[in-house]
Amino acid sequence: MNIQIAYNDWSSTYDRDRNLTRDLDREITRKILRDLPFKSAIEIGCGTGKNTIFLAEIAEKVHAIDFSEKMLEQALEKVNSGNVIFTLGDITKPLPCRDRSADLITCNLVLEHIQNLAFIFSEANRILTKDGYLFISELHPFRQYRGTKANFQREEDAIEIQAFIHHLSDFTTQAKNNNFMIDDFQ
C-alpha cells in the first residue's frame, strides 16, 4: 500500500494498537537522549508525536515534520507545547530548514520507507551544526530480511506498508559519505 495513504489510514489507531517496535523505539529514544540538552531539534517523520513530547522537554525548539496529514492531526491534538512547530512535508525533498540550524535530528522508524538514504544523510549534514547529533532508531535489518514490515490491522486484514531493505552498511556508508562519526551503535 502507498506509504502516505497507509499512514493516513493508520493514524486513527496508531497510538492504541499493540506495537512492540513503536514502544521499544520510544523507550530507547528516551534512554539515549534524556540527559542531552539541545537548542534546536528536527524530528523527521514525527507521526502522531509519540517522541515529539519528549523532544520538547530536552530541546528549546522542535520542528516536527511528517507527510501524513492525519498523523500530524493526531500529533497536534497530543502535543501542547509552545516550543514545537509542525510542518506537513515530504522528507524525500529538501527540508524546510536553514543550513546549520539544528543540533539534533531524529529519524525514528521512518527510514525503512525511504529508498534513497543518501538524500536523508545529505540533508542532515546540511542542517546540523558542527557538533550536532543525528539520531536514528530503525527496524533491525535482520527483521526485514525475514519479511517484517510496518503493518497494522483493519478488520481481518493486515495492511503492510511499503518498505525498503537497508543493510547496516548502507547506514554506515552514508554516515561516512556525509562526514558523520558514529558515536554509538546499538
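In what follows, the structure referred to is the one given above.
The rules we used
- Residues numbered from 1 in each chain as written.
- Predicted model: local features only at pLDDT ≥ 70, side-chain atom pairs only at ≥ 80, totals over all residues.
- Heavy atoms only, no water.
- Axes fitted to C-alpha atoms, helices over the stretch in contact; angles between N-to-C directions.
- Helix = DSSP H or I, 4+ residues; strand = E, 2+ residues; numbered from the N terminus.
- Parallel < 35°, antiparallel > 145°, perpendicular 65-115°, else oblique.
- Left-handed = near helix turned anticlockwise from the far one by under 90°.
- Contact = heavy atoms within 4.5 Å.
- Nonpolar A, V, L, I, M, F, W, Y, C, P; charged D, E, K, R; others polar.
- Salt bridge = Lys/Arg side-chain N within 4 Å of Asp/Glu carboxyl O.
- Phe/Tyr/Trp six-rings, centres within 6.5 Å; stacked < 30°, edge-to-face > 60°.
- Buried < 20%, exposed > 50% of the residue type's maximum accessible area, 1.4 Å probe, protein only.
- Lys NZ or Arg CZ within 6 Å of the ring centre and 35° of its normal.
- Core = buried A, V, L, I, M, F, W, Y, C linked by side-chain atoms within 4.5 Å.
- Arc of directions from axis to C-beta.
- Polar contact = N/O pair within 3.5 Å; in protein donor to acceptor, adjacent residues only side chain to side chain.
- Pairing = 2+ DSSP bridges.
- 1 Å grid on protein atoms, 1.4 Å probe; cavity = no way out; pocket = protein on both sides within 12 Å on 5 of 7 lines; lining within 4 Å.
- Points joined across faces, edges and corners; volume = space filled by probe spheres on them.

(A) Structural view of the packing of helix 5 (residues 117–127) against helix 7 (residues 168–177). Interhelical geometry of helix 5 versus helix 7 gives an angle of 40 degrees and a closest axis separation of 9 Å. Looking at the two axes, helix 5 sits oblique to helix 7. Between helix 5 and helix 7 lies a crossing of right-handed hand. Taking contact as the criterion, the partners of Leu-117, Ala-118 and Phe-121 in helix 5 are, on helix 7, Asp-170, Phe-171, Gln-174 and Ala-175. Taken together, the residues of the contact of helix 5 with helix 7 break down into five nonpolar, one polar and one charged.

(B) Up close: the pattern of salt bridges. Considering all chains together, one arrives at ten salt bridges under this definition. Through salt bridges that share partners, Arg-22, Asp-23 and Arg-26 make up one connected network.

(C) View of the packing of aromatic side chains. Scanning the model with the defined rule gives six aromatic pairs in all. With a centroid separation of 4.7 Å and an interplanar angle of 70 degrees, the aromatic rings of Trp-10 and Tyr-14 are classed as edge-to-face. Exposure class is identical for Trp-10 and Tyr-14. Each is buried. For Arg-22, the ring lying beneath its charged end belongs to Tyr-14, and the centroid distance is 5.7 Å.

(D) A look at the nonpolar core. Core analysis: the biggest nonpolar cluster contains 21 residues, and Ile-42, Ile-44, Ile-91, Leu-95, Ile-105, Leu-111 and Ile-127 have the highest contact counts within it. Going through the elements one at a time, strand 1 (38–44), strand 4 (102–108), helix 5 and helix 7 are the ones with two or more residues in this core. Per-element tally for this core: the top contributor is helix 5, with five residues. Among all residues touching Ile-127, those that are not within four sequence positions of it are Ile-42, Leu-95, Cys-97, Arg-98, Asp-99, Arg-100, Ser-101, Ala-102 and Ile-105. Ranked by size, the runner-up nonpolar core spans 13 residues in total, among them Phe-38, Ala-41, Ile-58 and Leu-104.

(E) Seen up close, helix 5. Listed in full, the buried residues belonging to helix 5 are Leu-117, Ile-120, Phe-121, Glu-123, Ala-124 and Ile-127. Relative to the axis of helix 5, the buried residues are bounded by an arc of 160 degrees and lie together on one face. Its buried side turned inward, helix 5 meets strand 1, strand 4, strand 5 (128–137) and helix 7. Structurally, the start of helix 5 carries an N-cap: the backbone nitrogen of Ala-118 is 3.1 Å from a side-chain oxygen of Asn-116.

(F) Structural context of the sheet that holds strand 5. On the basis of which strands lie adjacent, the open sheet formed by five strands has the order 3-2-1-4-5 and parallel pairing. Looking at the sheet topology across the chains shown, the edges are occupied by strand 3 (84–88) and strand 5. The mean angle between the axes of side-by-side strands here comes to 20 degrees, regardless of whether they run parallel or antiparallel. The strands touched by helix 2 (residues 20–33) are strand 1, strand 4 and strand 5; relative to strand 5, the strand with the most contacts, the crossing angle is about 150 degrees.

(G) Geometry of the environment of Pro-141. In this fold, Pro-141 is placed in helix 6 (residues 141–145). Each C-alpha atom of the pair Pro-141 and Gln-162 lies 15 Å from the other, and the pair is 21 residues apart in sequence. With sequence-adjacent residues up to four places away left out, Pro-141 is seen in contact with His-166, His-167 and Leu-168.

(H) The arrangement of empty space enclosed by the protein in detail. Under the definition given, this model contains one cavity of 30 Å³ or more. There is about 30 Å³ of room inside the largest cavity. Lining the largest cavity are Glu-112, Glu-138, Leu-139, Pro-141, Gln-144, Phe-164, His-166 and Phe-171. Of the residues in the lining of the largest cavity, the class split is four nonpolar, two polar and two charged.

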